[in-house]
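The lines below spell out each chain.
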Amino acid sequence: MKSLWNILLATTLSLLLPLHTLASPASDDQPSTGHSKGHTCVACVVVVSVIEQLAQVHNSTVEASMERLCSYLPEKLFLKTTCYLVIRMFGPDLIKLLSANINADVVCHTLEFCKQDPGQPLCHLYPLPKEPWKFTLEKARQIVKKSPILKHSRSSSDICSLPFLAKICQRIKSTIQNSVPFKDVDSDKHSIFPTLRGYHWRGRDCNDSNRMAYPGRRPDNWDIHEDSNCNGIWGVDPKDGIPYEKKFCEGSQPRGIILLGDSAGAHFHISPEWITASQMSLVQKSFIDLPVALTNELDWPQLSGVTGFLDSISGIKENSVYLRLRKRNHCNHRDYQNISRNGGSSQNLEKFLETLSRNQLLDHPAIVIYAMIGNDVCNGKVDPIPEMTTPEKLYSSIMQTLKYLNSHLPNGSHVILYGLPDGTFLWDNLHNRYYPLGQLNKDVTYAHFYSFLNCLQVSPCHSWMSSNKTLRTLTSERAKQLSDTLKKIAASQKFTNFDLLYVDFDFQEVTEEWRKQGGQPWQLIEPVDGFHPNEVASQLLADSFWKKVQLQWPQVLGKENPFNSQIEQVFGDQGGH
């Protein structure tokens, strides 16, 4: 999953120039030189493909399509400016090569964004040219042999070296590394700013100059004078002199929701419009959300299945776990934390677990969902199996995590361990479908896309995104072993400050529910990365989770607050999110 962050950030922000140094994986394993080259290669092929297809869709010149692409981009984060700088630098060569009917793979090898190392396979997204590869590549090189651009090393072409982007890059890099809000005046781990790990990830701060005012705490003196827990309920009822917090929330058992997850939990999402020429337009403002996405690490926690608080853009009626908790008890308003990270797994959770914000003495209990559903079995290595987490390692890391939680969560909390899915679903439902870049000319399927990423060793999950059925089966077997380990831990371990539960990740159940609604299984996967559950799937998973917990452990969710309607009458939307 961390590989996709590298690839897609490089693609969208740099528009040909490598930006892999901006992404900081959650693990100690920094991208090797080979992996960095792979990210750059994918970024180049995607962008060149979009330029080529824009020319085809609009029956225009390559130069016009480059101008068109830049015109679509917003001014924020200097995206439009950067685009024009890039086409000024590489435009002449691209015009020559694409005008000679040379495809994106050959273009990117010619410009040296892609490179075939000695003894390594040739990595390509599109079908190989009819003529021998070496002949085609040499022919392309002759076209641009006098290009001044080729004299400069691609390794030095870092977009973040541009003065006007340096500060932006540093902010994003710092936020990714620290996993806490970039703008947080009082250092309480809550912010009044939406992105850069702000309130899209954690409940919005209601007083960023007071460290003792934040979502999830028990009210200070019943919040007579100010809102100390940011749930929008404070002051005194003039009719009887009783504080509203005491009247409406005392005894209602308020609780927060906290997710410890990976990119799936953070809702990693790349809009298909960003790479589909036929869907791009100025009128539809195709890239309007790109700045928000980039400053959220290409994640959309505000729409996620666990902590999402915005209305679904998919049109599905199901709500997130947080919104259901809030509906059940309005005193839970804003009490959510999405402690997820691209590349997160059981083996590196400790690096960002400490960003959790909960005070045992001052705060309400919390429901903590542990959902590392992919990276313990997923990686981009040529041989992915040795890199997978073993049941023994999982047991050790989970016990360490649970001990940490027991020392930080208020008494009466609940921790729910989520199992791993059977990822064979991906290949079975997507491999023969056309990838977004292949839909226009019917020339690239997901099988081709998966093979391209695997060849470059930048796949988020080589073992499931593979034509090798044996490998896919072995991966699912390991995933089941890890799920069984989590289940055994939940059944055997006891802790003083929370009860421990386990829930299966039953994607088959979600698929069946989606079929009942008239959908197809492939529609549940993110179309651009071909890997993550999309927004519809996340909301259906949240619905399934809620129903299971409500049926088996209703005490986890707390009781419905009989004063909800009165809270609405007095405080409206409680200050919103």
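Residues numbered from 1 in each chain as written. Predicted model: local features only at pLDDT ≥ 70, side-chain atom pairs only at ≥ 80, totals over all residues. Heavy atoms only, no water.

Identification of the chain as Acyloxyacyl hydrolase from Mustela putorius furo is taken from an unreviewed UniProt entry. Of the chain, the UniProt comment under Catalytic activity (unreviewed entry) reads exactly: "a 3-(acyloxy)acyl derivative of bacterial toxin + H2O = a 3-hydroxyacyl derivative of bacterial toxin + a fatty acid + H(+)". (UniProt positions renumbered as here; feature names shortened; annotations may be inferred.)

A. Spotlight on the packing of aromatic side chains. Per the stated rule, a full pass over the model turns up 17 aromatic pairs. When the ring of Trp427 is compared with that of Tyr450, the centres are 6.2 Å apart and the planes differ by 35 degrees; the resulting orientation is tilted. One end of the pair, Trp427, is in helix H13 (residues 424-430); the other, Tyr450, is in helix H14 (residues 446-456), with 23 residues separating them in the sequence. Feature note: the residues Tyr418, Phe425, Phe505, Phe507 and Phe545 constitute an aromatic cluster, connected by ring pairs. (Phe/Tyr/Trp six-rings, centres within 6.5 Å; stacked < 30°, edge-to-face > 60°. Helix = DSSP H or I, 4+ residues; strand = E, 2+ residues; numbered from the N terminus.)

B. The arrangement of the sheet that holds strand S4 (residues 413-418) in detail. Overall, parallel pairing links the 5 strands, which are arranged S2-S1-S3-S4-S5 in an open sheet. For this open sheet the edge positions go to strand S2 (336-340) and strand S5 (498-503), each flanked by a neighbour on one side alone. The sheet shows a mean angle of 15 degrees between the axes of neighbouring strands, taken without regard to direction. Pairing of S4 with S5, which is carried by 6 bridges, proceeds in the parallel orientation. Looking across to S5, one finds that Ser413 is bridged to Phe498. Strands in contact with helix H15 (residues 469-492) are strand S3 (366-371), S4 and S5; relative to S5, the strand with the most contacts, it is inclined by about 150 degrees. Strands S3, S4 and S5 of the sheet are contacted by helix H17 (residues 535-552), whose axis makes an angle of about 125 degrees with S4. (Pairing = 2+ DSSP bridges. Axes fitted to C-alpha atoms, helices over the stretch in contact; angles between N-to-C directions. Contact = heavy atoms within 4.5 Å.)

C. Broad picture of the environment of Val510. Looking at the element boundaries, Val510 is found in helix H16 (residues 507-516). Residues Val510 and Ser544 lie 34 residues apart in sequence; the distance between their C-alpha atoms is 7.3 Å.

D. Spatial organisation of the pattern of salt bridges. Following the criterion strictly, the structure yields 10 salt bridges and no others. For the salt bridge of Lys317 with Glu318, the shortest nitrogen-to-oxygen distance reads 3.3 Å. Residue classification places Glu318 among the buried positions, given a relative accessible area of 7%. When the shortest N-O distance is used, the salt bridge between Lys547 and Asp543 registers 3.0 Å. Of the two residues, Lys547 and Asp543 both sit in helix H17, 4 residues apart, roughly one turn of that helix. (Salt bridge = Lys/Arg side-chain N within 4 Å of Asp/Glu carboxyl O. Buried < 20%, exposed > 50% of the residue type's maximum accessible area, 1.4 Å probe, protein only.)

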